[in-house]
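# Structure at a glance
One letter stands for each residue in the lines below.
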Amino acid sequence: MSTTAVGTSCGEARHAANECDIKVFSCPKLGNSLEEYEDAWAHRHTGTPVGIRVAVADGATESSFAKLWAVLLAESYVRSELAGAEFFARLKPARRLWRRRLAGRPLPWFASEKAEQGAFAAFLGVEIDAHKNRWTALAVGDCCLMHVDDVGKRMRAVETFPLQRSSQFTMSPYLIGSRSDGESLQDRIQVSKGSLRDGDMLLLATDAMAAWLLKRHEEGRPLWKWLYRKLGTPESFAAMVAYGRKNGLRNDDFTLVRVIHHDSRVEAKES
Amino acid sequence: MAYQAEISRKNPGCFLFLVDQSESMEDPFGGGEAGRRKAEELATILNKLIHNLSIRCAKSDSIYDYFHVGVLGYSEESCKPALGGELSGRSLVPISELANKPLRIEERTKKSDDGAGGVMDQTVKFPVWFDPYSKGGTPMCAALKEATKITQAWCQEHPNGFPPIVINITDGEATDGDLVAEARKLAAVSGEDGSVLLFNIHLSSTAGPSIELPGNGSKLPDQHAKQLFEASSTLTPFMVARATELGMPAEENSRGFIFNAQPLHVIHFLDIGTRPANVHLR
């Protein structure tokens, strides 16, 4: 099953694959309309390996047609069979589609010149191998994966990727462009792998949300338990965003994908 | 803490340019190619700044009013709005209106990558808002007074907004009073988020290396440059960080002063959202 959403206000989508429980929450920047939301997300059940692919992408404010590019990146990843850096070498069809959508469109001089620069987005894709209980993550830019384990007991952030600290977020990250600019992405691609246990939680978040969650974690006030137990509806996400805005959450588009992993072997034993 | 206000369409930023149109701007520019006049350099800078600001605010097929922009020209005995055509007489104009109403759009040829390892000629649109003009004295103090009035009104209308940035482009000699005293009055205009920031771009006939965002005036070549440095605001910490990121030699106490260089990065000193590091600024 694959879903890509843009323009949903504090939206939620739940798809309980056999191996994972996935919920997606999103919300546009305060002051912007739903149509101006420029993040994207996608997830899809996969056969080889058996598991799931999840992606989030964050279109850059200072680029044009960025929402379209973010959607194309997220969709391309979940439909791809490539989980490593080689995925980025196969972006030609997505780039072509981006150009086609703009072709022939009458644009004023400034819009035309901005489109010439291309659109830019941060990207994070995670492939979960349900049989091996492993994840492989791929990132360019500042969308972040947070892997939290021992859910319900100690709740510990096992890994945060590709950024580890809230101070590492900047307003000018290196992003993926919709036009091949001749510069090699190679040095900017980051890949990480990890093991999953039954009940582990993976959070995929766009930059402002990720930075805030990491900041809370650094301050000894993590929201992991709340995210696992209480975050369930668009209303609860909206309440968290409203609280965050009064407590250091930067105004931006927000996307948060929560994946809870279920180890099928544990379930089989229990049954 | 000051200078933290978010810039948005609801709470836009303000750039007010003060441009020297005195007779001395006819003199050769010391920082560029031989035979180029300071008035020509000023027009190039202003057109590029407005051009780049328009591109920065362009969003898909429209343009977002993140900024309002004004241009005041000072020459002879007076200071007045210097935008022409349909924008004549207006002190501040939303960037969307400015982008849509240049004096003319010229077509120019530039070399670009042909995608196959070579170069090709590409025709590009080149909007022009401002032509070189120079006559009479340099009533810079009158310009600073007018800027004080305009920014006071702006701060009243946008009390929680990011304070206006005034950018004065001149060859440095005020003929109508104490430049530093007037600059201080202007920089005292304030809203909830801090006071007006005044930057000075000095286009001198003196040849020599360009100087950008100095922390002190010791290396400046003449008294006019030192006076303009004195009249310039200290950069905010965000601006120092952004300038450093853009390759400018900024430091903690850097002032918004540039000597014989094009200040094209200045419009990036205000944040409007994620800027891809891999877009090369012109």
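Basis of the calculations
- Residues numbered from 1 in each chain as written.
- Chains lettered and ligands numbered in written order.
- Predicted model: local features only at pLDDT ≥ 70, side-chain atom pairs only at ≥ 80, totals over all residues.
- Heavy atoms only, no water.
- Helix = DSSP H or I, 4+ residues; strand = E, 2+ residues; numbered from the N terminus.
- Rg over C-alpha atoms; globule rule 2.2 N^0.38 Å.
- Buried < 20%, exposed > 50% of the residue type's maximum accessible area, 1.4 Å probe, protein only.
- Contact = heavy atoms within 4.5 Å.
- Areas by Shrake-Rupley, 256 points an atom, 1.4 Å probe, with all protein chains shown as cover.
- Lys, Arg positive; Asp, Glu negative; His and termini not counted.
- Charge placed at Lys NZ, Arg CZ, Asp CG, Glu CD.
- Pairing = 2+ DSSP bridges.
- Phe/Tyr/Trp six-rings, centres within 6.5 Å; stacked < 30°, edge-to-face > 60°.
- Lys NZ or Arg CZ within 6 Å of the ring centre and 35° of its normal.
- pLDDT = per-residue confidence, 0-100.
- Buried area = accessible area lost by both parts, 1.4 Å probe.
- Salt bridge = Lys/Arg side-chain N within 4 Å of Asp/Glu carboxyl O.
- Polar contact = N/O pair within 3.5 Å; in protein donor to acceptor, adjacent residues only side chain to side chain.
- Arc of directions from axis to C-beta.
- Axes fitted to C-alpha atoms, helices over the stretch in contact; angles between N-to-C directions.
- Parallel < 35°, antiparallel > 145°, perpendicular 65-115°, else oblique.
- Nonpolar A, V, L, I, M, F, W, Y, C, P; charged D, E, K, R; others polar.

### Describing the overall build of chain B
Scanning chain B from N- to C-terminus turns up 6 helices and 14 strands. The globule rule puts the C-alpha radius of gyration for 282 residues at 19 Å, and the 18 Å found for chain B is close to it. Dimensions of chain B, computed from C-alpha atoms along their principal axes, come out at roughly 55 × 45 × 40 Å. The buried share of chain B, taken over its 282 residues, is 55%. Across chain B, the fraction of contacts at a sequence separation of at least 24, relative to all contacts at a separation of at least 6, is 74%. As displayed, chain B has an accessible area near 11,700 Å², and 48% of this comes from carbon and sulfur atoms. Across chain B, the 27 positively charged side chains and the 36 negatively charged ones have centroids separated by 3 Å.

### Some points on the pairing of strand β4 (residues 67–75) of chain B
Sheet faces and side chains relate simply in a regular strand, where the side chains alternate between the two faces. Residue and element names in this part refer to chain B. With 9 of 9 residues buried, β4 lies mostly within the body of the structure. Bridge analysis of β4 against strand β6 (residues 93–94) gives 2 bridges, and the strand direction is antiparallel. Bridging from a neighbouring strand, V69 pairs with V93 of β6.

### Overview of the packing of aromatic side chains
Residues and elements named next belong to chain A. Under the definition given, this model contains 15 aromatic pairs over all chains. An angle of 90° between the planes, with centres 5.4 Å apart, marks the rings of Y77 and F87 as edge-to-face. One end of the pair, Y77, is in helix α1 (residues 66–79); the other, F87, is in the loop between α1 and α2 (92–102), and 10 residues separate them in sequence. An aromatic cluster of three or more residues is present, and its members are Y77, F87, F88 and F123. Across the ring face of Y77, the terminal group of R53 is positioned such that the distance to the ring centre comes to 4.5 Å.

### Focus: the confidence of the model for chain A
Per-chain confidence: chain A averages 88 in pLDDT, with 89% of residues scoring 70 or above. In the predicted structure, residues 1–17 of chain A sits below a pLDDT of 50 and forms 63 contacts with residues beyond four places in sequence or in another chain.

### Quick look at the interface of chain A and chain B
Accessible area lost upon the coming together of the parts serves often as the stated size of an interface. The interface is formed by 30 residues belonging to chain A together with 35 residues belonging to chain B. Counting the surface lost from both chain A and chain B, the interface buries some 2,900 Å², and carbon and sulfur atoms represent 50% of this. At the junction of chain A with chain B, the criterion picks out 4 salt bridges. Across the pair K59 of chain B and E38 of chain A runs a salt bridge, and its minimum N-O distance is 2.8 Å. Applying the counting criterion to the chain A and chain B interface returns 21 residue pairs in polar contact (both at pLDDT 80 or more).

### Describing the pairing of strand β13 (residues 254–261) of chain A
Residues and elements named next belong to chain A. Counting buried positions along β13 yields 8 of 8 residues, so the element is predominantly enclosed. Covered by surrounding structure in β13 are F254, L256, R258 and I260 together with T255, V257, V259 and H261, the residues of both alternating faces. As defined by bridge partners, strand β3 (residues 20–27) adjoins β13 across 8 bridges and the pair is classed as antiparallel. From the neighbouring strand, K23 faces β13, where its bridge partner is R258. As paired elements, strand β12 (residues 201–205) and β13 share 5 bridges and run antiparallel to each other. Residue M201 lies in a different strand from β13, and its bridge partner there is I260.

### Thoughts on helix α6 (residues 237–245) of chain B
Residues and elements named next belong to chain B. M239, V240, R242 and A243 are the residues of α6 that are buried. In an axial view of α6, the angular spread of the buried residues amounts to 170°, which keeps them on one side of the axis. Contacts from the buried residues of α6 go to α1 (38–57), β9 (165–170) and β12 (197–202). Just past α6, the residue G247 takes up positive phi, approximately 90°.

### Some remarks on the pattern of salt bridges
All names here are of chain B. For the structure shown, the criterion picks out 30 salt bridges over all chains. The salt bridge involving R36 is made with E41; its shortest N-O contact spans 2.7 Å. Per residue, the accessibility class of R36 equals that of E41, and both read buried. Note that K101 is salt-bridged to E97, the shortest N-O span being 3.2 Å. When salt bridges with common partners are traced through the structure, they connect E86, R90, E97 and K101 into a single cluster.

### Digging into the packing of helix α4 (residues 207–218) of chain A against helix α6 (residues 234–245) of chain A
Residues and elements named next belong to chain A. Look at α4 against α6: their axes get within 12 Å of each other, and the N-to-C directions meet at 70°. It follows that α4 is roughly perpendicular to α6 by the angle criterion. The residues of α6 that touch α4, namely those facing M209, W212 and R216, are F237, M240, V241, Y243 and G244. For the contact of α4 with α6, the per-class residue count stands at 6 nonpolar, 1 polar and 1 charged.

### Structural notes on unusual backbone geometry
Negative phi values dominate among residues other than glycine, just as trans dominates among peptide bonds. In this model, T48 of chain A is joined to P49 of chain A through a cis peptide bond whose omega is -10°. The amide bond that connects F161 of chain A to the next residue, P162 of chain A, takes the cis arrangement and shows omega of 0°. Secondary-structure assignment places P162 of chain A in the loop between β9 (156–161) and β10 (176–177). Backbone geometry places L213 of chain B, a non-glycine residue, at a positive phi of 50°. Along the chain, L213 of chain B turns up in the loop between β13 (211–212) and α5 (223–230). The residue N260 of chain B is not glycine, and still its phi comes out positive at about 50°. Here N260 of chain B shows up in the segment after β14 (257–259).

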